[in-house]
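Report on the structure
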Amino acid sequence: MTEITDIRELIIDAIRDRKGRAITLVDLENIPGASARAFIIAEGSSTTQVGAIADHLRDRLQKDAGIKPFNSDGAHDDSQWVVLDYGDVWVHIFLPDARTRYNLEELWNDAVITEYPDLD
């Protein structure tokens, strides 16, 4: 499982495993100079949940797809934003206020943006 679509689906499923909310796919495929082919953005309701989503995502992609992030940032106890770099796909997990402040969807508003419904 290394196709980008499969990885995106696995990431979204892993975020949902830990009750991540407001999941958005920002498809950057047709954006010249973009640093990745896609961003997946989600929210956790607390710093603990943001960390738990990131940890579970790392474990799940390692176990199910045999891939590790090239890099990550923000993974500590009081994280308001964690980013995991999987090369073609970057995953951003925010607290709601931090997500509003950085507003990545607006920054990449020329991309194709898909919002996924929360499961609860």
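Of all hydrophobic cores here, the largest spans 25 residues; its most connected members are I11, I15, I40, L57, L61 and V91. Looking at this core, the elements that each hand over two or more residues are α1 (4-17), β1 (21-27), β2 (38-43), α2 (47-65), β4 (81-85) and β5 (89-94). Leave out the neighbours within four places in its chain, and L57 touches I11, A14, L84, Y86, V91 and I93. A36, F94, A98 and A111 belong to the second-largest nonpolar core, a separate cluster that totals 11 residues.

Under the defined criterion, the tally for this structure stands at 12 salt bridges. Taking the shortest distance from any N to any O, the salt bridge between D118 and R21 comes out at 2.9 Å. Residue D118 is found in the segment after β6 (112-115), and its partner R21 is found in strand β1; the two are separated by 97 residues along the sequence. In this structure R21 comes out as partly exposed when scored by relative accessible area, which is 35%. In this structure, the salt-bridge partner of R37 is D88, at a minimum N-O distance of 3.2 Å. Here D88 lies in the loop between β4 and β5 and R37 lies in the loop between β1 and β2, a separation of 51 residues in the sequence. Overall, D88 belongs to the partly exposed group, its relative accessible area being 37%. Overlapping salt bridges, with partners in common, bring together R8, D27, E29, R37 and D88 in one network.

Rules used throughout
Residues numbered from 1 in each chain as written. Predicted model: local features only at pLDDT ≥ 70, side-chain atom pairs only at ≥ 80, totals over all residues. Heavy atoms only, no water. Core = buried A, V, L, I, M, F, W, Y, C linked by side-chain atoms within 4.5 Å. Buried < 20%, exposed > 50% of the residue type's maximum accessible area, 1.4 Å probe, protein only. Helix = DSSP H or I, 4+ residues; strand = E, 2+ residues; numbered from the N terminus. Contact = heavy atoms within 4.5 Å. Salt bridge = Lys/Arg side-chain N within 4 Å of Asp/Glu carboxyl O.

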